[in-house]
Every structure is written in C-alpha cells, then in structure tokens.
Amino acid sequence: LYTDEYVPWPILAMRSYWSVYKGVDQSTGELVALKKVAYDEMDAESLEFTCREANILAGLDHPNVVRLLAVVGSRKPGSFYLVFEYLEKEALQVR
C-alpha cells in the first residue's frame, strides 16, 4: 500500500485483475477488506467499469451494500486499493 494506514493480511479471493485481502486499519484497529486492483493489466473498458463502480459505491449508504471506506494508492505502480468494511460470512448471510 502507498500508505501505512492499512496493513494487509492473507488473501481472501483472487481474480484476473484484482485480489481481496483481509486487513486492519492501523488508526482504528478495525478489520477491513482491501481490494487490490491491478489496472495496468486491464483493458480500457474494464478499467472504466472499475472506476464507475468505485464512484457509485463511494456515494452509497445502504444497509445491504458493503461500504467503501477509502481508495488508496499502491507503492507498486499500476495498482490501487479499494478499502471496504470487513464482513464475516455470518454477517453477510444476515444482511
């Protein structure tokens, strides 16, 4: 990560252009989900979709939608992180 505010832990999921890590917010101690997006490997349409998704999620506040907390850069060129609230599997089933 570009900032030391979030510390990634093990990978939870992986796809072609992104990986999701469980992590912790250093300032609050809260668990977060860190979605690392490798935009340098994406085609233009996929990158545009991802940016639209982030913009939409940033404006949503609904109990049935996982909250996007932040977008942070990466020390590695060609990627960035979407920081989401972390939900355990059981919490997802209740929502």
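Before reading on, note that the structure itself is shown above.
This one's a predicted model, so the numbers in the text were calculated from it and none came from an experiment. (Residues numbered from 1 in each chain as written. Predicted model: local features only at pLDDT ≥ 70, side-chain atom pairs only at ≥ 80, totals over all residues. Heavy atoms only, no water.)

Caption draft 1: Inspection of the overall build of the protein at higher detail. Helices and strands together make up the secondary structure of the protein, namely two helices and five strands. In sequence order, the protein lays out its α and β elements as β-β-β-α-β-β-α. Burial status across the protein gives 35% buried among its 95 residues. A fraction of 41% describes how many contacts in the protein between residues 6 or more apart in sequence connect residues 24 or more apart. For the protein, the exposed surface amounts to about 6,200 Å²; the carbon and sulfur share of it is 54%. (Helix = DSSP H or I, 4+ residues; strand = E, 2+ residues; numbered from the N terminus. Buried < 20%, exposed > 50% of the residue type's maximum accessible area, 1.4 Å probe, protein only. Contact = heavy atoms within 4.5 Å. Areas by Shrake-Rupley, 256 points an atom, 1.4 Å probe, with all protein chains shown as cover.)

Caption draft 2: Representation of the nonpolar core. Residues Val20, Ala33, Val37, Met42, Ala54, Leu57, Leu68, Phe80, Leu82, Phe84 and Tyr86 constitute the largest nonpolar core, which totals 11 residues. Breaking this core down by element, the ones donating at least two residues are strand 3 (31-37), helix 1 (44-58) and strand 5 (80-85). Considering each element in turn, this core owes the most residues, three residues, to strand 5. Those residues in contact with Tyr86 that sit more than four places away from it in its chain are Leu12, Lys22, Leu31, Val32 and Ala33. Of all hydrophobic cores here, the second largest spans eight residues; its members include Val32, Leu34, Ala70 and Val83. (Core = buried A, V, L, I, M, F, W, Y, C linked by side-chain atoms within 4.5 Å.)

Take it as geometry only, folks, not as evidence of what the structure does.
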